[in-house]
Structures are given as structure tokens and as C-alpha cells.
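Chain and residue survey
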Amino acid sequence: MHPLKRKILPFAALLISASPATHATNDLALPFYTLSQRAALDAEFDPNDPALQVLGMEEVDVWDRIRKGFAIPDLDNPLVVNQTAWYTARPDYIQRTTTRASRYLFHVVQELEKRNMPTELALLPFIESAFNPEAYSSAKAAGMWQFIPSTGLDFKLKQSMFKDDRRDVLASTDAALTYLQKLYGLFGDWQLALAAYN
């Protein structure tokens, strides 16, 4: 045995045996606090402390956030009526897609709100990929936001035989929102930006 290992093992055993938790009761549900830890617990509440802000956050209804951020006017034409009827007739599909979306929707809405973009854009992956990051189309579009290879490269989504950033939810969401902002800048209309995205 290496000489250093012989010195470390007894030292570790000494630390474990001298630990105050071993002298306390065997109830692991009750933590043992030192005086400095108790003083920290009694300190005043600082509303600017990010750790406490996270602990104090209320549960957020992401669907309510999406509804409150609607900013694109509705279209009223036969195509919209036809597509609405298609989705209405398939509640099982909507349920499956909504369940899959629950993994990603909070992040997408958060990014839209940061950029002051209409929150109904968070629902675009419902149409593009049914919120499937592994989706792949016959036009070689991939990922939740369905980037074709050339557009993916334009927005710095690397593609190799080992990794395809079009399937990376965080990278592709950033790229898709940047692309949508660019299209909105060109057309000045979200409906035209959505038409151009597709």
C-alpha cells in the first residue's frame, strides 16, 4: 500500500468518528447546525438574494403566461378554419403533443418574454414538429423548430455526424427566435414572418 494512503485513511476515519452528527441521535431528518449556521438562518430576509427569490417563487401557469402575451391578430379565412377543425378532431394528438411540450414550453416562453416577442410563437413547434426534438422531415429539416441544414448553418447550428445542434432544444430555440426576429424586421408583420419561416 502506498504510504500516503496509510496516512489518509486513518485521518478520514478520525474525521468521521469525531463528526458531531455521529454523537447526535440517529434521526437524519433533524439537521445539526453550528452557531454560525444558526446566525445565518436568523439573518434578515434580503429580497435581492437570487437564491431566496427562487425559493419564494410561486408556481407559474405557463399557459396563462402564453395567453397574456398574445400579440398577433387572428386570421379569419377558410384555411384557418380547416386547420382548427383538424386539430379539434384529434384531442389525443393534442394531449400527446401537450405532454411532450411540457418539457420545453417554460424555456421557450421565458426566452420569448426576454425578447419582448409575442408568446403565441411558443406554439410554433406544435405545428412544426409536435414538440419533438428528434423530428426529421423529408426536406431534411430537423429538430423541434424544423431547421433545414442551410438555415441551421446560417444561425450557427453546427451539424456533424456526431452532433446536430438543430436537435438541441436550447440552441435551436435561440436560433429560431433570432430567425423570427430577423423575419419580423424584414416584413414588419408577425403573420408574414411566420409564413416566411415555413
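Description of the structure in this document. (Residues numbered from 1 in each chain as written. Predicted model: local features only at pLDDT ≥ 70, side-chain atom pairs only at ≥ 80, totals over all residues. Heavy atoms only, no water.)

What follows deals with the packing of helix α11 (residues 169-187) against helix α12 (residues 190-197). Packing of α11 against α12 leaves a shortest axis separation of 8 Å and a crossing angle of 125 degrees. Taken together, the axis directions place α11 and α12 in an arrangement best described as oblique. Crossing handedness for the pair α11 and α12: right-handed. In this structure, α11 contributes A176, Y179, L180, L183, Y184 and F187 to the contact, and α12 contributes W190, L192, A193, L194, A196 and Y197. Grouping the constituent residues of the contact of α11 with α12 by class yields 12 nonpolar, no polar and no charged. (Axes fitted to C-alpha atoms, helices over the stretch in contact; angles between N-to-C directions. Helix = DSSP H or I, 4+ residues; strand = E, 2+ residues; numbered from the N terminus. Parallel < 35°, antiparallel > 145°, perpendicular 65-115°, else oblique. Left-handed = near helix turned anticlockwise from the far one by under 90°. Contact = heavy atoms within 4.5 Å. Nonpolar A, V, L, I, M, F, W, Y, C, P; charged D, E, K, R; others polar.)

A few words on the packing of helix α6 (residues 78-88) against helix α7 (residues 91-101). Put simply, α6 and α7 touch, their axes get as near as 6 Å, and they point 80 degrees apart. On the basis of the axis angle, α6 is roughly perpendicular to α7. Where α6 approaches α7, its residues W86, Y87 and T88 are matched on the opposing element by P91, Y93 and I94.

As a further point, take the pattern of salt bridges. With the rule as written, the count across this model stands at 9 salt bridges. One salt bridge connects E134 with R167, and the closest N-O pair in it is separated by 3.7 Å. Of this pair, E134 sits in the loop between α9 (124-128) and α10 (149-154) while R167 sits in the loop between α10 and α11, placing them 33 residues apart in sequence. Take R167: its relative accessible area is 27%, and that puts it in the partly exposed class. Among the charged side chains, a network of salt bridges with common partners joins D64, R67 and K68. (Salt bridge = Lys/Arg side-chain N within 4 Å of Asp/Glu carboxyl O. Buried < 20%, exposed > 50% of the residue type's maximum accessible area, 1.4 Å probe, protein only.)

This part covers the nonpolar core. Across soluble globular proteins, you tend to see nonpolar side chains buried next to one another. Judged by nonpolar contacts, the single largest core of 30 residues is most densely connected at W145, F147, L180 and Y197. Broken down by secondary-structure element, the contributors of at least two residues to this core are α5 (62-68), α8 (105-114), α9, α11 and α12. Aside from chain neighbours lying at most four places away, what touches Y197 is L124, E128, W145, F147, A176, Y179, L180 and L183. (Core = buried A, V, L, I, M, F, W, Y, C linked by side-chain atoms within 4.5 Å.)

Taken as a whole and judged by the stated rule, the model has 10 aromatic pairs. Ring centres 5.6 Å apart and planes at 75 degrees place the aromatic pair W86 and Y93 in the edge-to-face group. Between F147 and F155, the ring centres sit 6.5 Å apart and the planes meet at 45 degrees, which makes this aromatic pair tilted. Pair check on accessibility: F147 and F155 agree, each one buried. (Phe/Tyr/Trp six-rings, centres within 6.5 Å; stacked < 30°, edge-to-face > 60°.)

Once that is clear, we can look at the layout of surface pockets. Counted as a void, the largest pocket has a volume near 1200 Å³. What lines the largest pocket is a set of 24 residues, among which L75, V80, Q83, I127 and L194 lie closest to the centre. Elements that contribute at least two residues to the lining of the largest pocket include exactly α6, α9 and α12. Element by element, the count of residues in the lining of the largest pocket is highest for α6, at 5 residues. (1 Å grid on protein atoms, 1.4 Å probe; cavity = no way out; pocket = protein on both sides within 12 Å on 5 of 7 lines; lining within 4 Å. Points joined across faces, edges and corners; volume = space filled by probe spheres on them.)

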